[in-house]
Amino acid sequence: MDPVKPKRRYDSPRRREQAAATRRAILEAAQKLFEEQGYAATPMAAIAAEAGVALKTVYVVFETKSGVLRALWHLLLRGDEVDVPVGERAWYRAVIDEPDAARQLELNARNARAVKERAGRLLGVLRGAAPTEPDINDLWERVQRDFYDNQRVIVESLAAKQALRDGLDVDRATDILWTLNHPDLWQLLVLQRGWTPAEYERWFADTACTQLLRSA
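Below, the structure is looked at part by part. Position numbers for residues count from 1 along each chain, tracking the sequence in the order it is written. Since the coordinates come from a predicted model, pLDDT governs what is reported: local features require at least 70, and pairs of side-chain atoms require 80 or more to be given and counted, while whole-chain, interface and lining totals use all residues. The side-chain figures draw on all heavy atoms in the structure; neither hydrogens nor water molecules are used.

Numbering of helices and strands runs from the N terminus; a helix is a DSSP stretch of H or I covering at least four residues, while a strand is a stretch of E covering at least two. Each helix and strand in the chain was counted, giving 10 helices and 0 strands. In the chain, the succession of helices and strands from N to C terminus is α-α-α-α-α-α-α-α-α-α. With the principal axes as the frame, the chain shows a C-alpha extent of 80 × 45 × 30 Å. When accessible area is computed with a 1.4 Å probe and restricted to protein chains, residues below 20% of their type maximum are described as buried, those above 50% as exposed, and intermediate ones as partly exposed. A burial count over the chain gives 40% of its 216 residues as buried. Relative to all contacts within the chain whose residues are 6 or more apart in sequence, the contacts with residues 24 or more apart total 65%. What sets the accessible areas is the Shrake-Rupley method with a 1.4 Å probe; for residues, cover comes only from the shown protein chains. Surface accessibility of the chain: about 12,400 Å² in total, with carbon and sulfur atoms responsible for 49%. Neither His nor the chain ends is counted toward charge; the positive residues are Lys and Arg and the negative residues Asp and Glu. All charge positions are set by atom: Lys at NZ, Arg at CZ, Asp at CG, Glu at CD. When the 32 positive and 32 negative side-chain charges of the chain are each reduced to one mean point, those points stand 5 Å apart. Should any heavy atoms of two residues lie within 4.5 Å, those residues are counted as being in contact.

Spelled out as structure tokens, the structure:
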């Protein structure tokens, strides 16, 4: 008897494009509903209905509602779905590689504005859901750690240039830069007080230079 040939999994560029489009539609629907209604008040069925797909499809793609939120956060943080962490992104590396200290902080403020324009409202959703959702709390804690670690690398670069103010060590400087870049400040200044993103960016850059650098 001839050996039974294993079934080949059918795949094609068209099918991959359709899967990617479905995934993006679900994430866009989730973002709209999470930001309008909050995480707890948004059931998976509502996300499916908003995206125009079957409820089963949402579960197949993301498994859980927290999985939807996690995938959405990564998309908005990075700006695309390429699996490259922030630390290896060109826009972040440009800050680290910049030789001028003040320009580094200006580029950092530019990046902070870009990320928060994409994800600022979702960060509020994350923080609001964290106290009652263990999975989301883990994600929120990871977000804050990642923000801190990324700002520390920038501060270490400033310290290597001997650009930090006298008496300011890396730990304290990182605390200051992390605080200025914290999503809570974006929420307060832009979403509550009505600052424009450009005003936030300029304030962040100016304040960071004044607080951190020898010559602001």
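As used here, the term nonpolar core means buried Ala, Val, Leu, Ile, Met, Phe, Trp, Tyr and Cys residues forming a set that is joined through side-chain atoms within 4.5 Å. With 63 residues, the main nonpolar core has F34, I47, V68, W73, L105, L126 and L212 as its most contacted residues. Looking at this core, the element that brings in the most residues is helix α6 (residues 101–129), giving 12 residues. Excluding residues that lie within four positions of it along the chain, V68 makes contacts with L27, A30, F34, M44, I47, V58 and F62.

As a further point, take the layout of surface pockets. Here the largest pocket defines a volume of roughly 380 Å³. The pocket and cavity definitions rest on a 1 Å grid over protein atoms only: a 1.4 Å probe that fits but cannot leave marks a cavity, an open set with protein on both sides within 12 Å along at least five of seven lines marks a pocket, and residues lining either have an atom within 4 Å of a point. Looking at the largest pocket, it is lined by 22 residues, and the ones nearest its centre are L77, V86, D146, F147 and N150. Those elements that place two or more of their residues in the lining of the largest pocket are α4 (65–78), α5 (90–97), α6 and α7 (134–160). Sorting elements by how many residues they give to the lining of the largest pocket places α7 first, with 7 residues. Side-chain classes follow a simple rule in which Ala, Val, Leu, Ile, Met, Phe, Trp, Tyr, Cys and Pro form the nonpolar group, Asp, Glu, Lys and Arg form the charged group, and the remainder, Gly included, forms the polar group. Residue classes in the lining of the largest pocket are distributed as 10 nonpolar, 7 polar and 5 charged. Grid points are joined across faces, edges and corners, and a volume is the space filled by probe spheres set on the points.

Side-chain rings of Phe, Tyr and Trp (the six-membered ring for Trp) are treated as a pair once their centres are within 6.5 Å; stacked means planes under 30 degrees apart, edge-to-face means over 60, and tilted covers the remaining angles. According to the stated counting rule, one finds 6 aromatic pairs in the structure shown. Between F34 and Y39 the ring centres are 5.4 Å apart and the planes differ by 40°, which places this aromatic pair in the tilted class. Across this residue pair, the class does not change: F34 and Y39 are buried. Pairing W186 with Y200 gives two aromatic rings, centres 5.0 Å apart and planes at 85°, and the pair type is edge-to-face. Of the two residues, W186 sits in helix α9 (residues 183–192) while Y200 sits in helix α10 (residues 197–212), which places them 14 residues apart along the sequence. The exposure class assigned to W186 is buried, which follows from its relative accessible area of 3%. Following the ring pairs from residue to residue traces out a cluster consisting of W186, W195, Y200, W203 and F204. For the cation-ring pair, K65 lies above Y39, with the distance from its terminal atom to the ring centre recorded as 4.3 Å. We count a charge as sitting over a ring when the NZ of a lysine or the CZ of an arginine lies within 6 Å of the ring centre and within 35 degrees of the ring normal.

In what follows, salt bridge is the name for a side-chain nitrogen of Lys or Arg lying within 4 Å of a carboxyl oxygen of Asp or Glu. Applying the stated criterion to the full structure yields 14 salt bridges. Between K32 and E50 there is a salt bridge, with its nearest N and O atoms 3.8 Å apart. With K32 in helix α1 (residues 13–37) and E50 in helix α2 (residues 44–51), this pair connects stretches of sequence that are 18 residues apart. Accessibility expressed as a relative area gives 36% for K32, which makes it partly exposed.

For the pair α5 and α6, the least separation of the axes is 8 Å and the interaxial angle reads 160°. Judged by the inter-axis angle, α5 sits roughly antiparallel to α6. The handedness of the crossing between α5 and α6 is left-handed. Each of W91, Y92, A94, V95 and I96 in α5 lies in contact with α6, whose residues at this interface are Q104, L107, N108, R110, N111, V115 and R118. The residue makeup of the contact of α5 with α6, split by class, is 7 nonpolar, 3 polar and 2 charged. As a rule, the C-alpha atoms of each element are fitted with a line to give its axis, helices using only the stretch in contact, and angles between N-to-C directions run from 0 to 180 degrees. Oblique is the label for any angle not covered by the other classes, which are roughly parallel (under 35 degrees), roughly antiparallel (over 145) and roughly perpendicular (65 to 115). If you view the pair so one helix is near and one far, a crossing is left-handed when the near helix is turned anticlockwise from the far one by less than a right angle, and right-handed when it is turned clockwise.

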